[in-house]
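These are the residues of each chain, in order.
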Amino acid sequence: MIAVVSVPDMSLVRRATTEDAEEVLRLRQVMIDALPEGDSSTDWHADSLPALRVKLADADGDFAAFVVDHPDRPGALAALVVGTVDYRIGKAGNPRGLAGYVFSVATDPGARRRGYARACMDELLAWFREQGAGQVMLTASPEAEPLYAALGFAHKPDPTMILVL
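## Overview of the pairing of strand E5 (residues 135-138)
Piece 1. Bridge analysis of strand E4 (residues 98-107) against E5 gives four bridges, and the strand direction is parallel. Its bridge partner lying in E5, Tyr-101 is registered against Met-137.
Piece 2. A crossover links E4 with its parallel partner E5, the connecting element being helix H3 (residues 116-131), and its sense is right-handed.

Have a look at this one:
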């Protein structure tokens, strides 16, 4: 049996506002909790809210979040995608050096399999294009990889490393 997922009307997707900040953090925590090394602590939420509100208020900045309101819970969000545009020195394939980075893709557990994350991703990718980004990067969970592959993302053999300061 083939599962049929209806794609929501794109008008359901909207840019997140400062009023959404606590819900954005709630859905970010849903994503973090789903990671193998996820930390279920929410102690950081209060410290994160002021900066998040500033970013959400700056419609012309390098940060964007797109959301779908939860159809069954007024005031709650069903889905979220967040991205930033960074400048890196240009190169072949991206001479202007603008790169999009997707993070915090999350859907409320009670609103999954309705196409909300894909609809939000479509809006975020359109925003990246408007910003002039020449490429978009993300880290995919095994569960989300089919969505990203369907959108055209491919694995790259980049030996990424991290230093936590």
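What follows picks up the thread again.
## Some points on the confidence of the model for the protein chain
Piece 1. Residues with a pLDDT of 70 or more make up 93% of the protein chain, whose mean pLDDT is 89.
Piece 2. Low pLDDT, under 50, characterises residues 1-7; the predicted model gives this stretch six contacts beyond four residues in sequence or across chains.

## Overview of the nonpolar core
Piece 1. Judged by nonpolar contacts, the single largest core of 26 residues is most densely connected at Phe-66, Met-121, Leu-124 and Phe-128.
Piece 2. Elements with a contribution of two residues or more to this core: strand E2 (63-69), strand E3 (77-87), E4, H3 and helix H4 (145-150).
Piece 3. Looking at which element gives the most residues to this core, the answer is H3, with nine residues.
Piece 4. Those residues in contact with Phe-66, other than ones at most four positions away along the chain, are Val-13, Arg-14, Arg-15, Ala-16, Ala-79, Leu-80, Val-81, Cys-120, Glu-123, Leu-124 and Trp-127.
Piece 5. Within the second largest apolar cluster, 16 residues are counted, among which are Ala-21, Leu-49, Val-82 and Ala-106.

## Some remarks on the pattern of salt bridges
Piece 1. Tallying each qualifying case throughout the model produces nine salt bridges.
Piece 2. Note that Arg-26 is salt-bridged to Asp-108, the shortest N-O span being 2.8 Å. A residue pair is termed long-range when its members are at least 10 positions apart, and Arg-26 in helix H1 (residues 21-34) and Asp-108 in the loop between E4 and H3 qualify at 82 residues.
Piece 3. Asp-86 is the salt-bridge partner of Arg-88, the closest N and O atoms lying 3.7 Å from each other.

## Quick look at the side chain of Asn-94
Piece 1. Here Asn-94 lies in the loop between E3 and E4.
Piece 2. Those residues in contact with Asn-94, other than ones at most four positions away along the chain, are Ala-99, Gly-134 and Gln-135.

## Focus on the packing of H1 against helix H2 (residues 45-57)
Helix-helix packing is characterised by the crossing angle of the two axes and by the distance between the axes.
Piece 1. Close contact between H1 and H2 brings their axes to 9 Å; oriented N to C, the two are set at 120°. Classified by the angle between their axes, H1 and H2 sit oblique to one another. In this structure, the crossing between H1 and H2 has a hand that is right-handed. Facing H1, whose interface residues are Ala-21, Glu-22, Val-24, Leu-25, Arg-26 and Gln-29, H2 presents His-45, Ser-48, Leu-49, Leu-52, Arg-53 and Leu-56.
Piece 2. Of the residues that constitute the contact of H1 with H2, the class distribution is six nonpolar, three polar and three charged.

## As for H3
Piece 1. In this model H3 runs 23 Å from its N-terminal to its C-terminal C-alpha over 16 residues, within 8% of the 22 Å that 1.5 Å per residue would give.
Piece 2. When we look at burial in H3, the residues that qualify are Tyr-116, Ala-117, Ala-119, Cys-120, Met-121, Leu-124, Leu-125, Trp-127 and Phe-128.
Piece 3. Considering only its buried residues, H3 is in contact with strand E1 (13-15), E2, E3, E4, E5 and H4.
Piece 4. Immediately downstream of H3, the backbone of Gly-132 shows phi near 90°, a positive value.

## Some points on the sheet that holds E4
Piece 1. In spatial order, the strands read E1-E2-E3-E4-E5; together these five strands make up an open sheet with mixed pairing. Of all the strands in the sheet, the pair left with one neighbour each is E1 and E5. Across the sheet, the mean angle from the axis of one strand to that of its neighbour is 25°, orientation sign disregarded.
Piece 2. Contacts from H3 reach E1, E2, E3, E4 and E5 within the one sheet, and its direction differs from that of E3 by about 25°.

Conventions used here
- Residues numbered from 1 in each chain as written.
- Predicted model: local features only at pLDDT ≥ 70, side-chain atom pairs only at ≥ 80, totals over all residues.
- Heavy atoms only, no water.
- Pairing = 2+ DSSP bridges.
- Helix = DSSP H or I, 4+ residues; strand = E, 2+ residues; numbered from the N terminus.
- Right-handed = clockwise from strand over helix to strand, strands pointing away.
- pLDDT = per-residue confidence, 0-100.
- Contact = heavy atoms within 4.5 Å.
- Core = buried A, V, L, I, M, F, W, Y, C linked by side-chain atoms within 4.5 Å.
- Buried < 20%, exposed > 50% of the residue type's maximum accessible area, 1.4 Å probe, protein only.
- Salt bridge = Lys/Arg side-chain N within 4 Å of Asp/Glu carboxyl O.
- Axes fitted to C-alpha atoms, helices over the stretch in contact; angles between N-to-C directions.
- Parallel < 35°, antiparallel > 145°, perpendicular 65-115°, else oblique.
- Left-handed = near helix turned anticlockwise from the far one by under 90°.
- Nonpolar A, V, L, I, M, F, W, Y, C, P; charged D, E, K, R; others polar.
- Expected span 1.5 Å × (residues − 1).

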